Amino acid sequence: MATAQAERFRVRVGGWFNSRYVILRESEVAFEVALAGCSHCDVCRSRIYRVDQALQGLKHRTEYQDGGLYYVLPYPSGRPNTPEKVAEFLSETLRLSIRA
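We now turn to the structure provided with this report. Keep in mind it's a predicted model, so treat the numbers as computed, not measured. (Residues numbered from 1 in each chain as written. Predicted model: local features only at pLDDT ≥ 70, side-chain atom pairs only at ≥ 80, totals over all residues. Heavy atoms only, no water.)

Quick word on the side chain of E63
On the secondary structure map, E63 appears in strand β4 (residues 61-65). Residue classification places E63 among the buried positions, given a relative accessible area of 17%. Here E63 is in contact with R25, G68, L69, Y70 and V72, once residues within four sequence places are set aside. (Helix = DSSP H or I, 4+ residues; strand = E, 2+ residues; numbered from the N terminus. Buried < 20%, exposed > 50% of the residue type's maximum accessible area, 1.4 Å probe, protein only. Contact = heavy atoms within 4.5 Å.)

Focus: the nonpolar core
One recurring pattern in soluble globular proteins: nonpolar side chains tend to sit buried together. With 25 residues, the main nonpolar core has V29, F31, L90, L94 and I98 as its most contacted residues. For this core, the secondary-structure elements that each account for two or more residues are β1 (7-13), β2 (20-24), β3 (28-35), α1 (42-54), β5 (68-74) and α2 (83-94). Here this core gets 5 residues from one element, more than from any other, and that element is α2. Those residues in contact with I98 that sit more than four places away from it in its chain are V11, R12, V13, F31, A87, L90 and S91. (Core = buried A, V, L, I, M, F, W, Y, C linked by side-chain atoms within 4.5 Å.)

Here we look at the side chain of E32
Counting through the fold element by element, E32 comes out in strand β3. Buried charge E32 goes without a salt bridge, the closest partner of opposite sign being R10 at 4.8 Å. E32 has contacts with W16, R20, Y21, G68, L69 and Y70, leaving out every residue within four places of it along the chain. (Lys, Arg positive; Asp, Glu negative; His and termini not counted. Salt bridge = Lys/Arg side-chain N within 4 Å of Asp/Glu carboxyl O.)

What follows is the structure, encoded as structure tokens:
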């Protein structure tokens, strides 16, 4: 079964120093929250906690990829898949200020 190529781009998160990777797949989006190899300093731990709280009760999973801890969410079918619209979806869902 052939799958569509994943699109990878960076977004800016308000109040976060470094930009983050987003990976858009056929029916899901992965958002990098922290580096996988670190022992999660207080800053990263608070970011992970905040994202966990925003996603409480919503379908999601975490995965480690390319050195990052990603939160993976279903991406609504029919919603435009431009970086701007994906960032808007993540911003609404995670209750963070995210822009492409």
